[in-house]
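# Fold and geometry: a report
Listed below are the residues making up each chain.
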Amino acid sequence: YEVCAVKAGVMLDEAGHFARLERSLAALDIAQPVSMPALKLIGRHLLRLNRISDAILYIQISRGVAPRDHPFPVVAPAPALIVTAKRLDWQKQDAQAEKGVGLISMPDERWARCDIKSTALLANVLAKQKARDAGGYEAMLTDEAGLVTEGSSSTIFMVDGDGGLVTRPLGPEILPGITRETVIDVARAENIAVTERAFSVDEAKAAREMFITSASGFVLPVVEIDHQPVGNGVPGSLATRLRRAYIARVDAVTRP
Ligand code: PMP
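Presented here is a report on the structure given in the accompanying data block. Throughout this document, residue positions are counted from 1 along each chain, in the order its sequence is written. Two thresholds apply to this predicted model, a pLDDT of at least 70 for residue-level local features and 80 or more for giving and counting side-chain atom pairs, whereas whole-chain, interface and lining totals are computed over all residues. As a rule here, side-chain values cover all heavy atoms of the structure and leave hydrogens and water aside.

Let us look at the overall build of the chain. To qualify as a helix, a DSSP run of H or I must reach at least 4 residues; to qualify as a strand, a run of E must reach at least 2; elements of each kind are numbered from the N terminus. Of regular secondary structure, the chain possesses seven helices and twelve strands. The globule rule is 2.2 Å times the number of residues to the power 0.38, and the radius of gyration it is compared with is taken over C-alpha atoms. Taken over C-alpha atoms, the radius of gyration comes to 19 Å for the chain, in line with the 18 Å a tight globule of 256 residues would show. Projecting the C-alpha coordinates of the chain onto the three principal axes gives extents of approximately 55 × 45 × 35 Å. Here a residue-residue contact requires only that any non-hydrogen atoms of the pair lie within 4.5 Å. Across the chain, the fraction of contacts at a sequence separation of at least 24, relative to all contacts at a separation of at least 6, is 69%. Carbon and sulfur atoms form 54% of the exposed surface of the chain, whose accessible area is close to 13,000 Å². Between the averaged position of the 30 positive side-chain charges in the chain and that of its 31 negative side-chain charges there is a distance of 6 Å. The protein chains shown are the only cover counted for residues, whose accessible areas, like all others here, come from Shrake-Rupley with a 1.4 Å probe. Neither His nor the chain termini are counted; the positive set is Lys and Arg, and the negative set is Asp and Glu. Charge positions come from single atoms, namely NZ of Lys, CZ of Arg, CG of Asp or CD of Glu.

Sheets are built from strands paired through backbone hydrogen bonds, the pairs being either parallel or antiparallel. Two strands qualify as a pair provided DSSP detects at least 2 bridges between them. What the four strands build is an open sheet, ordered β2-β1-β3-β4; its pairing is antiparallel. Edge positions in the sheet fall to β2 (10–11) and β4 (80–87), since each has one partner strand and no second. Direction of pairing for strand β1 (residues 2–7) relative to strand β3 (residues 55–62): antiparallel, over a ladder of five bridges. Within the sheet, the bridge partner assigned to C4 lies in β3 and is L57. Throughout, an axis means a line fitted to C-alpha atoms (over the contacting stretch in the case of helices), and angles, computed between N-to-C directions, take values from 0 to 180 degrees. Running at roughly 70° to β1, helix α7 (residues 237–254) makes contact with β1 and β2 of the sheet.

Here we take up helix α4 (residues 122–133). A helix is expected to span 1.5 Å for every residue after the first. Its twelve residues give α4 an end-to-end C-alpha distance of 16 Å, which sits within 8% of 16 Å, the value for a rise of 1.5 Å per residue. Three exposure classes are used, based on accessible area relative to the maximum for each residue type with a 1.4 Å probe and protein chains only: buried under 20%, partly exposed in between, and exposed over 50%. For α4, the full list of buried residues reads N124, A127 and A131. Relative to the axis of α4, the buried residues are bounded by an arc of 65° and lie together on one face. Of the exposed residues in α4, those oriented more than 90 degrees away from the buried face are L122, L126 and D133. Summarising the contacts, the buried residues of α4 are in contact with β5 (101–107) and β6 (138–142). G135 sits one or two residues past α4 and shows a positive phi near 85°. Throughout, the arc means the angular range of directions from the helix axis out to the C-beta atoms.

Here we come to the site of the ligand. Only heavy atoms are used to decide nearness, and a residue is near a molecule or strand if one of them lies within 4 Å of it. Not every one of the 18 residues close to the ligand is listed here, only the nearest: R20, K117, E150, T179 and A215. Any pair of N or O atoms that falls within 3.5 Å is considered a polar contact. Within protein, one atom must be able to donate a hydrogen and the other to accept it, and sequence-neighbouring residues count only if both atoms are side-chain atoms. Separating an oxygen atom of the ligand from a side-chain N or O atom of R20 is a distance of 2.8 Å. Here K117 contributes a side-chain N or O atom positioned 2.7 Å from a nitrogen atom of the ligand. Elements that contribute at least two residues to the shell around the ligand include exactly α1 (14–27), α5 (178–189) and β10 (209–214). Residues were grouped as follows: Ala, Val, Leu, Ile, Met, Phe, Trp, Tyr, Cys and Pro as nonpolar; Asp, Glu, Lys and Arg as charged; and all remaining residues, including Gly, as polar. Counted by class, the shell around the ligand contains three nonpolar, eleven polar and four charged residues.

Only rings of Phe, Tyr and Trp enter the pairing, Trp through its six-membered ring, and a pair is recorded when the two centres are within 6.5 Å. The plane angle decides the type: under 30 degrees is stacked, over 60 is edge-to-face, the rest tilted. Summed over all chains, the structure comprises four aromatic pairs. Centroid distance Y1 to Y58: 5.7 Å. Interplanar angle 35°. Geometry classified as tilted. Here Y1 is found in the segment before β1, whereas its partner Y58 is found in strand β3, with 57 residues between them in sequence. By relative accessible area, which is 14% here, Y1 ends up buried. Taken together, a centroid distance of 4.9 Å and an interplanar angle of 45° make the contact between F218 and Y246 tilted. Here F218, found in strand β11 (residues 218–225), pairs with Y246, found in helix α7; they are 28 residues apart in sequence, far enough to count as distant. Since its relative accessible area comes to 3%, Y246 is described here as buried. The rings of W90, F218 and Y246 are connected pair by pair, giving a single aromatic cluster. We count a charge as sitting over a ring when the NZ of a lysine or the CZ of an arginine lies within 6 Å of the ring centre and within 35 degrees of the ring normal. Sitting over the face of the ring of F72, R63 holds its NZ or CZ atom 3.5 Å from the ring centroid.

Packing of α5 against α7 leaves a shortest axis separation of 10 Å and a crossing angle of 105°. Judged by the angle between their axes, α5 and α7 are roughly perpendicular. Where α5 abuts α7, its residues T179, T182, V183, D185, V186, A187 and A189 lie against L242, A245, Y246 and R249. Classifying every residue of the contact of α5 with α7 gives seven nonpolar, two polar and two charged. The labels follow the angle: roughly parallel below 35 degrees, roughly antiparallel above 145, roughly perpendicular from 65 to 115, and oblique for the rest.

Structure follows, in structure tokens:
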């Protein structure tokens, strides 16, 4: 499945989201129900028909309908496609960014192929709920070595003492976030150093700033981890600057 933000009728980071969908389908040996260009047209058509211009576009593809069993059906059924558009108010996201969000650290209990974006989200859902029950917004998942993998539905970034960005390198432990790529691009264009390395929960707690990224949240400053303030407990200046730069990029493609 894929989740793509839509602003002023434009699908943001469209190329990245459709490329990742193609990769996930290939990894699961599911055929493409329609070509990727046709799928993009279906998305645009859905938005237009429903007169929705600010939204979350959700695309879900399953292997198709077959009698219940574990092995794939011998004769591959036609894959099933669902596309929905949910209207979204970007101002709500802005309000959240101004306040900042809290993370709750916990062990990453997901499977060994988190790089595949699949609807098998049970561990993600349980982690998110655990974070919410603990009064946080998002989970900060950690591997067996105590290093941060990612959020339950977001990529996690740290700002180090030199004002550079640190985020975990791509690998099977994390989803290759599309917003992650764009934010790395934005940072490098602003002459901000970016290092891809794993970091610990303790490092994160002592970081100058932290923020999370996702298609629906863009860049959200993290103001506390496990109820301890990060930095001075308010959205950091670099996170705020990157959020503005990200939105400026969005505006450049959505404003006539
Ligand atoms: N990690 C996980 C586990 C996610 O579910 C998401 C949201 N799709 C992300 C990271 C962020 O990815 P993206 O920037 O592509 O939305």
